[in-house]
Amino acid sequence: MPSVLPLGDPAPADGLLPPQAAAGAQDRDFCLYVHIPFCSVRCGYCDFNTYTAKELGSGASQDEYAGTLNAELDLAAKVLPASGLPRRPLSTVFFGGGTPTLLPASDLAAILGRATELWGLAPGAEVTTEANPDSVTPESLQTLAAAGFTRVSFGMQSAVPHVLKVLDRTHDPDRVPQAVRWAREAGLHVSLDLIYGTPGESVADWETSLDAAIDCEPDHISAYALIVEEGTKLAAQIRRGEVPGIDDDDHATKYELAEARLAAAGFGWYEVSNWARTEADRCRHNLSYWRGDDWWGAGPGAHSHMGGVRWWNVKHPAAYGQRLSTGVSPAAGRETLDATTRKLEHVMLQTRIIDGLRTQELGPQGRKAVAGLIADGLVDGPAAFAGTVRLTLQGRLLADAVVRRLLED
């Protein structure tokens, strides 16, 4: 969740949504994202809406956060039916951050409990929390599992100390397999997040991290190319020449290495940056984003989406809490997507996943472009002939360029 909010129209104080949000809602999954904005240390590459205790100052207590967050859930439970949306159980819940597990496990359980009271959980619902390896204990993970969490996603990032140092990560690499074992013992499914392309990371370093992640035997692995965002500590270090910049060729080499290593270990890609052992191990919450389902994003700076209506909350936890304490929606702004924008986003997101995009959803020029993309090795030929645009490995490396060609209409 980037820290800079987009421009948009003012959001009403009561939070009510326009009629478009309700159209066809019964055919879409309903999901919940819960943003926990607290971190023990701000990582040098991070551009998310997160805060350390020192940055927050007074008026934004971690001790009171669960109650404040639940006030937004109560608001959502009023706004959705008042806006004409049907009551639907939650298909997925995802606690992200920040570091959600900086809050006591009992607080996370209380938030999930309130969401379950308000909407219920669909059968087999996926409930995930992000965590740092050094922010959990066997007891906290057992508490989460008992409360209904089904999955934990650990921010491993790297297994190489000097790479973790550049990223300002504080955990010991040896803590990762220990945390994974504790999660397994609690009955939780496990995902590991990796980052490649950190300044100073060699190909051998990346191999070490991949092998270490695979050795932990998780159900799911995410591997994200490092993006240097303006305004971050890392961007300033690169600008001053203190660390080397980002190399696109290096990113490509490491992505290809990730695909080879993970495939050999039994992981199959299902989204450009994500691999799972089985189809059941795919992150269904993130798939809901890519497929355009509905989700309410609760917490400061959180983004929501219902039927092509998108809105976002005020950023600072103190401002967020103040609005809710006075009965006012924390939404800072919103936008209603037009047909052209919805088509662009559908093509962009659907081509990222293994399901691919149905060729018939493209315009005439886009359908013509498919033949050229096949010839260039960017789109899978047999799948395209069967009516689906599915990216090859090289196509995943050039996903943005593929989308531009498909939208040439």
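In case you missed it, the structure is sitting above this.
Below, the structure is looked at part by part.

Re the packing of aromatic side chains
Next up, step 1: In this structure the tally under the stated criterion is eight aromatic pairs.
Next up, step 2: The interplanar angle of 20 degrees and the centroid separation of 6.4 Å between the aromatic rings of Tyr33 and Phe94 together place this pair among those described as stacked. Here Phe94 lies in strand β2 (residues 90–97) and Tyr33 lies in strand β1 (residues 30–36), a separation of 61 residues in the sequence. Each member of the pair, Tyr33 together with Phe94, is buried.

Section: the pairing of strand β9 (residues 294–298)
Next up, step 1: Most of β9 sits inside the fold, with five of its five residues counted as buried.
Next up, step 2: The alternating pattern of β9 places Asp294, Trp296 and Ala298 and Trp295 and Gly297 on opposite faces, both of which are buried.
Next up, step 3: Two elements, β1 and β9, share five bridges in a ladder whose sense is parallel. Across the sheet, Cys31 pairs through a bridge with Trp295, a residue of β9.

Some thoughts on empty space enclosed by the protein
Next up, step 1: Scanning the model with the defined rule gives one cavity of 30 Å³ or more in all.
Next up, step 2: Approximately 80 Å³ is the volume found for the largest cavity.
Next up, step 3: Lining the largest cavity are 13 residues, and of these Gly15, Leu17, Trp311, Ser329 and Ala331 sit closest to its centre.
Next up, step 4: Those elements giving two or more residues to the lining of the largest cavity turn out to be α2 (65–82), β11 (309–313) and β12 (331–336).
Next up, step 5: Here the lining of the largest cavity is composed, by residue class, of eight nonpolar, three polar and two charged.

Quick look at helix α11 (residues 317–325)
Think of an α-helix as turning once every 3.6 residues; residues three or four places apart then point the same way.
Next up, step 1: Those residues of α11 not exposed but buried are Pro317, Tyr320, Gly321 and Leu324. Along the axis of α11, the buried positions cluster into a sector of 95 degrees, meaning they face one direction only.

Topic: the side chain of Thr359
Next up, step 1: The topology assignment puts Thr359 in the loop between β13 (357–358) and α13 (364–375).
Next up, step 2: Here Thr359 falls in the buried class, since its relative accessible area comes to 15%.

Quick word on the packing of helix α4 (residues 138–147) against helix α6 (residues 175–186)
Next up, step 1: For the pair α4 and α6, the least separation of the axes is 9 Å and the interaxial angle reads 40 degrees. In this structure, the crossing between α4 and α6 has a hand that is right-handed. Contact with α4, carried on its side by Pro138, Leu141, Gln142 and Ala145, involves Ala179, Trp182, Ala183 and Ala186 of α6 and no other residues of that element.
Next up, step 2: A class-by-class count of the residues in the contact of α4 with α6 yields seven nonpolar, one polar and no charged.

Details of the packing of α2 against α11
Next up, step 1: Interhelical geometry of α2 versus α11 gives an angle of 55 degrees and a closest axis separation of 10 Å. Considering the angle they form, α2 stands oblique to α11. Crossing of α2 over α11 shows left-handed handedness. Across the interface between the two elements, Tyr65, Thr68, Leu69, Ala71, Glu72 and Leu75 of α2 pack against Tyr320, Gly321 and Leu324 of α11.
Next up, step 2: When its residues are assigned to classes, the contact of α2 with α11 shows six nonpolar, two polar and one charged.

Cut-offs used in this document
- Residues numbered from 1 in each chain as written.
- Predicted model: local features only at pLDDT ≥ 70, side-chain atom pairs only at ≥ 80, totals over all residues.
- Heavy atoms only, no water.
- Phe/Tyr/Trp six-rings, centres within 6.5 Å; stacked < 30°, edge-to-face > 60°.
- Helix = DSSP H or I, 4+ residues; strand = E, 2+ residues; numbered from the N terminus.
- Buried < 20%, exposed > 50% of the residue type's maximum accessible area, 1.4 Å probe, protein only.
- Pairing = 2+ DSSP bridges.
- 1 Å grid on protein atoms, 1.4 Å probe; cavity = no way out; pocket = protein on both sides within 12 Å on 5 of 7 lines; lining within 4 Å.
- Points joined across faces, edges and corners; volume = space filled by probe spheres on them.
- Nonpolar A, V, L, I, M, F, W, Y, C, P; charged D, E, K, R; others polar.
- Arc of directions from axis to C-beta.
- Axes fitted to C-alpha atoms, helices over the stretch in contact; angles between N-to-C directions.
- Left-handed = near helix turned anticlockwise from the far one by under 90°.
- Contact = heavy atoms within 4.5 Å.
- Parallel < 35°, antiparallel > 145°, perpendicular 65-115°, else oblique.

Nothing here speaks to function; it is all geometry.
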